[in-house]
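# An overview of the molecular structure
These are the residues of each chain, in order.
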There are 4 protein chains.
Amino acid sequence: MPPRLIESLSTTTELAEIFSDESVLQAMLDFEAALARAEARVGLVPRALAEVIMRAADAPAFDYAAIARETLRAGTPGIPVSKALTQRVRSMNAEAADFVHWGATSQDVADTAMVLLLKRAHPVITDDLARVERSLRKLSDEHKNTVMLGRTLMQAAPPITFGLKVAGWLGAIHRSGEGFDSAFEDVLILQFGGASGTLASLGERGLEVAQALAEELGLACPDAPWHAHRDRFASLLSACGVLTGALGKMAQDISLLMQSEVAEVAEPGDPGRGGSSTMPHKKNPIGCVLTLAAAARVPGLVAAFLTGMIQEHERAAGGWQAEWPIVASVIQSTGLAASSMAEVAERLSVDAERMRANIAATRGVVFAERAMMLLAPKLGREGAHKILEEAVQKSIAEKRHLTEILASMPAITKHLDAKILVDLEEPEKYLGSAEAFRAHLLSTASGTPHK
Amino acid sequence: MPPRLIESLSTTTELAEIFSDESVLQAMLDFEAALARAEARVGLVPRALAEVIMRAADAPAFDYAAIARETLRAGTPGIPVSKALTQRVRSMNAEAADFVHWGATSQDVADTAMVLLLKRAHPVITDDLARVERSLRKLSDEHKNTVMLGRTLMQAAPPITFGLKVAGWLGAIHRSGEGFDSAFEDVLILQFGGASGTLASLGERGLEVAQALAEELGLACPDAPWHAHRDRFASLLSACGVLTGALGKMAQDISLLMQSEVAEVAEPGDPGRGGSSTMPHKKNPIGCVLTLAAAARVPGLVAAFLTGMIQEHERAAGGWQAEWPIVASVIQSTGLAASSMAEVAERLSVDAERMRANIAATRGVVFAERAMMLLAPKLGREGAHKILEEAVQKSIAEKRHLTEILASMPAITKHLDAKILVDLEEPEKYLGSAEAFRAHLLSTASGTPHK
Amino acid sequence: MPPRLIESLSTTTELAEIFSDESVLQAMLDFEAALARAEARVGLVPRALAEVIMRAADAPAFDYAAIARETLRAGTPGIPVSKALTQRVRSMNAEAADFVHWGATSQDVADTAMVLLLKRAHPVITDDLARVERSLRKLSDEHKNTVMLGRTLMQAAPPITFGLKVAGWLGAIHRSGEGFDSAFEDVLILQFGGASGTLASLGERGLEVAQALAEELGLACPDAPWHAHRDRFASLLSACGVLTGALGKMAQDISLLMQSEVAEVAEPGDPGRGGSSTMPHKKNPIGCVLTLAAAARVPGLVAAFLTGMIQEHERAAGGWQAEWPIVASVIQSTGLAASSMAEVAERLSVDAERMRANIAATRGVVFAERAMMLLAPKLGREGAHKILEEAVQKSIAEKRHLTEILASMPAITKHLDAKILVDLEEPEKYLGSAEAFRAHLLSTASGTPHK
Amino acid sequence: MPPRLIESLSTTTELAEIFSDESVLQAMLDFEAALARAEARVGLVPRALAEVIMRAADAPAFDYAAIARETLRAGTPGIPVSKALTQRVRSMNAEAADFVHWGATSQDVADTAMVLLLKRAHPVITDDLARVERSLRKLSDEHKNTVMLGRTLMQAAPPITFGLKVAGWLGAIHRSGEGFDSAFEDVLILQFGGASGTLASLGERGLEVAQALAEELGLACPDAPWHAHRDRFASLLSACGVLTGALGKMAQDISLLMQSEVAEVAEPGDPGRGGSSTMPHKKNPIGCVLTLAAAARVPGLVAAFLTGMIQEHERAAGGWQAEWPIVASVIQSTGLAASSMAEVAERLSVDAERMRANIAATRGVVFAERAMMLLAPKLGREGAHKILEEAVQKSIAEKRHLTEILASMPAITKHLDAKILVDLEEPEKYLGSAEAFRAHLLSTASGTPHK
């Protein structure tokens, strides 16, 4: 089941499937089936009847449209689902019907179902993050000596290496990915509290059933139900916000480097990918664009979720009901960003010559700081700064290289041996600790799930 | 086509249909068909070939899933749609295929399609707003003399009338609805600019085609293409944010008044509506809850859209591609809020006796201000305030009525004729300009589309 | 009073002054003074005593720090202000003290004070918007024939004129400015409702006092108090969000055009403006940067305000108390964006030669669409598209001009007179309706306050 | 230095001081002084000259207003600060002036200064969180047997204990506090990268200086500069969003419980705290209100920060410059929420009798689920549900207790021994696992910094 057209630029097909009707309904039915099984295990429900419920809990047998319609009237998907399941069970075995949904409340069904969906989504996204990290590590190593312009406020600045730039992306994505993983771990827990969150209708057996239910579902059993405490979901969505931001920063840099006038890197340009309906020459930064679109959407969704945390008493009147589409959108957007950047990172083409040429095109003015450091011991920093300002302006006005200008200024030549400036514009000579930083970043980012 | 389960608490069925695959695709095909027709009118396309295109532009004939999949690769829905249409046209008439999408770019298709969807959504929401306004007006008139507690910071305050409270909701919804309508009018315009927004490929004929195309689609023709200027959409979404906020404020008040301990009003409680899977006694404020959920979601989506306004040059790399799901979510949430509050407003039951009883239960302390105003001419305001503080504390501590306490205080009785306090706790005597304000609000809110 | 350091990149000095302690306190005192005067006019307060209150209402005489501290305890600035004023009045005339704040509640003071501050801020921002519009109009006219690359998804596209680009900015800013002005008009109204919004403590005289008070303050008198209905503020802030987005789009374009590799325009580079502490050659896009920073901050603040609209009953417990810093930040950010872009627009330097050179640097591939339109009548659109794709790839691979490549392709030369392609790469020949659109945009944007 | 009036409801005095001009400027000067000291340690700067710089770096000696004004022109606070410091140093020792800011760029100053401010803010907030947790733990223990209504969708539901409710708040605040602490740890690191983030101007000595500088400042030394990678700040602000949400949920519950009609708990009502300017009887939930206001503001600010993460290349044009006021607002709002809830938690008065009375006022209908569970073994669940629905409606209509109604229904009496229903409405008999959950929550929340 592919994404709907209206959201076809905001999810991968795989994640769209996870939040499809069949998948969502099946997750709710899985809760009900596991509940029956758990209650059979502890002796609350006859095993044979539990098996009827388990057999009945098969999504394709249900009318999705009817359930969606009734959900709007009921104010929760849990009620129409347990009602429909009860009917189906009754048609199979009337006695069994009495044991459907035993001890649970509708929010238990909906919350745990969402957790089950998240459990499926997690490795999908993690796999793509691992692809991103692997490729960036490789790219960084390959280009540890590839010099390029630094750019601050989008203006040319002293050089860096492309390897360092890539390592910077890697570092941020890795750190954000760790936060993402850790938030995911916290969120993969059962919600099971009954009407008021005390499991009162199960009497003394509540904890026992909860424990068995968590085991059946492969989820952790929390210290207590969390129906009105949404901090774990909020942390997950926030972590998605941070991660999407880190992926978006990489996408922004690449899309800027792909500009026709810069042309230092390029996304793969397969047929059908990033073309134009009217312009045969276009090679668009599609992966970056989808990631930037995700990064534009997610922060507002995070805010919406945080806002909704203010939930009333033992079940919210509004905040809770707002959650599902927010969670689904954030997860799908995050996953799309990870998948898009994986494809970009794996197949990015890099034009090292153009990078060097773009440095050269500044005619050395990006080395003015270097010249200043070289001249300062002789002229004092202020004196050096003043001369450099003059020289830079001349370089720009006369379109001549800074080295040449400096070599022609008496204030320079009378004080110094011109040899000191001879390699002024060699980028490799002015990289400072770039390689050390790059190595540190790669080292920090290794040895973890996303390696 | 009902909403998907994952969003079944965030849209009406009618609005879900408008943003369904068939509807979205048909809107894009309508653009292409109208373009062919317009170009035939001005003589650029042979009429017979245009008719082939028009016949081919029928959504159910297309493979939605394939288009959604290719959209992700292309980075825009416009490309796969015009490609699929071209193929279908070619199978009908090879010559006609050359004229599909003539002079347009993919964003023209997508943007105008969204405008066409909005055009369908507008009256749906407006009708529900009109229902809200009509019912609130009626409710306000019926309860112009129904006294109830004012409540500030959720604490009891001097009385108001329920009619005034309702008129306040009406006023805010009406004003917001006017902004909503006005933003909608601005947004219902053609987007048609070609590759760079100059219609260059149509040579001298661009304006003529644009005008004809706008007429064919029943849209206004803007002064210029607006592919990278999204202020009109942004204004519409902002207006939805304000409107949802105004509806949400009404929902919040009603849900608070419906609390078991307050019990002054109630939503209709039909079978299947707002029940509980475990608690037969529950009558939940479902309409309010859905509205509050919408109001929790929309502000973040508005922020996401505003963020996306920062679009690069002649077509954005990210901001534009983020828009569709945001627009659809905001419109559907707004429509659901309007529809939910229409149902609530039309069928709200009001317990005027309980309202009066809740005033009485404060034992007159909410009339302390009134007492102060009555005593101030004799005792000075400060003196009066001091006595009242003492009296109020006594009233609360001894659970006796404020009037009784005051009548027993020598500081009062020696200065004044006790008769002045005899009707102290009659709410009707302390309503100030409530009725005038109510009448003004109703008058302002009349004579407009949402009456 | 300049901005504080922590917010020195997010406000102009002039707007910081409006939200300074003295200004905020004076606005609250102005309310109290006008209330006394209005109540004297209608005979509720002896004129001589009202004059004492008016004389006492002078901000510098108060202890701002003490008021700020007590505000936190009281939960509203209105209480400590009216208390401090009462004390000061009492020290001047004990009898007058009893008439301070007569009939008002603390929210009346705070809300109307904010309205008074907004009234001062409005013309400040409007003046800067007028500067922006004036300069853009001039710039657009000057460059109506200056050709430059169109750029879509940040890739080179068929040419436009710089005049059209500027007119696009103007159009969006003008439209957003109209929404901004209109929202401002709606918001400049008195809030005066007393404890529960009925003016009960003024008995029959409420409306009369309200009317007189509005006149004293130079504000409109609303149909009813709006203490818990914040739609007018919400509309204003939303309009600021849209306007900041429109200014931000212009800033984004300019900052991209200022990139070292593009170098088509430049912000003024006065001493101290946009330099670097380490790089003498830097000329940073400071005005754009400040505007983009504003545009990054405002959408979230708009969301926060919309969220806060869900206010409980007759005075909110949270939503209202969140408003002041949000309103001040949004207004200051919007004003800074307007002021920054005014300076940029007035003094932007434009390098028309570089613009043309950047077109030429694409070696004609941006004219592929044009070639396709020229060839289509002979080869069919599909045939033409296929040939062009081949030619474009050759042009890029061999670094030769598209015209040259095409002239060497037998598939072309055997079908056509090469003359048809001779001016293929002349930008002026492929501008379509650019000038017409530009003229329309300027015409729409004329005849209004921001002309 | 107290907060400014405009933000007096959004910060504590202590946190306002941390973000005051003097404090912010001193933090920037501390960076410059530590840099000189570090460079003296590694031998790059003569020790005597470094000492001059250290002596000069004293905030009160500077003109804050001038620095704020120039910051706006420079686009960064770092430039005017290092310029002003250089001037002051020069006036003390001309030679030393050449060594000010050696090797650093302005963003290094600004970012590290913000980190230093955060380092001061952290324990302030942590202390208040510890107070919250300590008090909630005590309150929960005291009220482990205090029964009260559960409330779902703000409707009465089966009982819980107040101890469990409090433990739920504690659990969420504790978990969020852990995330907050962990994010704080990650953020307390040096930023030091020079012009392009390579420390090129320090040649081979960059890492050595960085390490020494970090030691001087008591900060961790990161693997690499993070000038354009803002994920650590983003994680901190997100964690603040989650924490404020958890505190806000507690505030929301308490403010609802404080409603006049519910009256189960009350905030302390000291003189000047939460009063009303017109209503002597008011006892407002001020601590809750301030927390709810914070929780309304923070999510939008988080979104703004996440949005700003998309930073260009080696220094952003907009996203970075937007950060300072966002960070300061979020930290101050979070701290105010923690401080407010600490005061509320420490001094909350609880009316256990009223809690029990509010249960009784439902006349047993909240025990309908319990009755259903008791009857189901005899009547089947469906049969039981049907009877209960009838009984509940009767109970409401006739204002009689559910037990009484049930005892009068033949469908019940003929099947069962009435004794089974005799304690139906005793809350203590229907608490399920409430105490176990409470104990688990307290246990999970112990043994950590916030205990």
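Note: the structure precedes this text.
Reference entry: report on the structure contained in this document. (Residues numbered from 1 in each chain as written. Chains lettered and ligands numbered in written order. Predicted model: local features only at pLDDT ≥ 70, side-chain atom pairs only at ≥ 80, totals over all residues. Heavy atoms only, no water.)

What follows concerns the state of the cysteines. Taken as a whole, this structure holds zero disulfides over all chains when the rule is applied. As a non-bridged cysteine, C240(A) has C240(D) as the owner of its nearest cysteine sulfur, 19 Å distant. (Disulfide = S-S within 2.5 Å.)

Quick look at unusual backbone geometry now. Even without being a glycine, K399(C) presents a positive backbone phi close to 55 degrees. Look at R363(D): it is not a glycine, yet its phi comes out positive at around 55 degrees. If you trace the backbone, R363(D) turns up in the loop between helix 13 (352-360) and helix 14 (368-398). A relative accessible area of 27% means that R363(D) is categorised as partly exposed. (Helix = DSSP H or I, 4+ residues; strand = E, 2+ residues; numbered from the N terminus. Buried < 20%, exposed > 50% of the residue type's maximum accessible area, 1.4 Å probe, protein only.)

Right, let's talk about the relation of the copies chain C and chain B for a bit. Put simply, the two copies of the chain differ by a rotation about an axis and a shift along that axis. Placing chain C over chain B gives an RMSD of 0.0 Å and needs a rotation angle of 180 degrees, together with 0.0 Å of translation along the axis. Viewed as a symmetry operation, the transformation between the two copies matches a two-fold axis. The share of interface residues of chain C whose copies in chain B are also at the interface is 99%, consistent with both copies meeting through the same surface. (Least-squares fit on C-alpha atoms with pLDDT ≥ 70 in both. Contact = heavy atoms within 4.5 Å.)

So, about the relation of the copies chain D and chain B. Take chain D, turn it by 180 degrees, move it 0.0 Å along the axis, and it overlays chain B with an RMSD of 0.0 Å. A high fraction, 100%, of the interface residues of chain D reappear at the interface in chain B, so the copies pair face to face through one surface.

Attention now goes to the pairing of strand 1 (residues 147-152) of chain D. Residues and elements named next belong to chain D. Most of strand 1 sits out of view: six of its six residues are buried. In terms of strand pairing, strand 1 meets strand 2 (residues 155-161) through six bridges, oriented antiparallel. Of the residues in strand 2, the one forming a bridge with T152 is Q155. Between strand 1 and the antiparallel strand that follows it, strand 2, lie two residues; L153 among them carries a positive phi value of about 50 degrees. (Pairing = 2+ DSSP bridges.)

Between chain D and chain B, the residue contacts involve 37 residues of the former and 37 residues of the latter. Summed over both partners, the interface of chain D with chain B comes to about 3,100 Å²; 59% of that surface belongs to carbon and sulfur atoms. Applying the counting rule to chain D against chain B returns two salt bridges. Note that R151(D) is salt-bridged to E261(B), the shortest N-O span being 2.8 Å. For the pair chain D and chain B, the number of links is seven residue pairs in polar contact (both at pLDDT 80 or more). At the level of secondary structure, the elements contributing two or more residues to the side of chain D that touches chain B comprise strand 1, strand 2, helix 10 (231-257), helix 11 (286-308) and helix 14 of chain D. Here the side of chain D that touches chain B takes seven residues from helix 14 of chain D, the largest share from any one element. (Buried area = accessible area lost by both parts, 1.4 Å probe. Salt bridge = Lys/Arg side-chain N within 4 Å of Asp/Glu carboxyl O. Polar contact = N/O pair within 3.5 Å; in protein donor to acceptor, adjacent residues only side chain to side chain.)

Formed by 662 residues in total, the largest nonpolar core has its most connected members in F192(A), F192(B), L406(B), F192(C), F192(D) and L406(D). In contact with L406(D), not counting residues within four places along its chain, are A371(D), I387(D), L388(D), A391(D), I412(D), T413(D), L421(D) and L424(D). If you look at the next biggest cluster of nonpolar residues, it comprises 20 residues, including L153(A), M154(A), A317(B) and L336(C). (Core = buried A, V, L, I, M, F, W, Y, C linked by side-chain atoms within 4.5 Å.)

Before going further, it helps to spend a moment on the interface of chain C and chain B. Listed by partner, the interface residues are 88 residues for chain C and 87 residues for chain B. Here chain C packs against chain B, burying approximately 7,200 Å² in sum over the two surfaces, 62% of which is carbon and sulfur. When the buried area of chain C at its contact with chain B is split by residue, D223(C), H313(C) and R381(C) rank highest and sum to 11% of it. If you look at where chain C meets chain B, you find six salt bridges. Where E314(B) meets K165(C), a salt bridge forms, and the shortest distance between an N and an O atom there is 3.1 Å. There are 40 residue pairs in polar contact (both at pLDDT 80 or more) connecting chain C and chain B. The biggest single contributor to the side of chain C that touches chain B is helix 10 (residues 231-257) of chain C, with 15 residues. Class assignment of the residues belonging to the side of chain C that touches chain B gives a composition of 43 nonpolar, 29 polar and 16 charged. (Nonpolar A, V, L, I, M, F, W, Y, C, P; charged D, E, K, R; others polar.)

Before going further, it helps to spend a moment on the side chain of R4(D). For R4(D), the position within the fold is in the segment before helix 1 (13-18). On the accessibility criterion, R4(D) (10% relative accessible area) is buried. The residues contacting R4(D), other than those within four sequence positions of it, are R4(C), E7(C), F19(C) and D21(C).

The next subject is the packing of helix 10 (residues 231-257) of chain A against helix 12 (residues 323-347) of chain A. All names here are of chain A. Across the interface, helix 10 lies against helix 12 with an axial gap of 9 Å and an inter-helix angle of 30 degrees. Comparing their axes, helix 12 and helix 10 come out roughly parallel. Relative to helix 12, helix 10 is oriented so that their crossing is left-handed. Taking contact as the criterion, the partners of F233, L236, L237, C240, L243, T244, L247, M250, A251 and I254 in helix 10 are, on helix 12, I326, V327, V330, I331, T334, A337, A338, M341, V344 and A345. By residue class, the composition of the contact of helix 10 with helix 12 is 18 nonpolar, two polar and no charged. (Axes fitted to C-alpha atoms, helices over the stretch in contact; angles between N-to-C directions. Parallel < 35°, antiparallel > 145°, perpendicular 65-115°, else oblique. Left-handed = near helix turned anticlockwise from the far one by under 90°.)

Residue and element names in this part refer to chain C. On inspection of all chains with the given rule, the structure shows 24 aromatic pairs over all chains. Taking 6.1 Å as the distance between ring centres and 85 degrees as the angle between the ring planes, the aromatic pair formed by F162 and W169 counts as edge-to-face. For F162, a relative accessible area of 0% translates into the label buried. You can call W169 buried: its relative accessible area is 1%. Ring centres 5.6 Å apart and planes at 35 degrees place the aromatic pair W226 and F233 in the tilted group. Assigned by exposure class, W226 and F233 land together as buried. (Phe/Tyr/Trp six-rings, centres within 6.5 Å; stacked < 30°, edge-to-face > 60°.)

These figures come from the coordinates and say nothing about function on their own.
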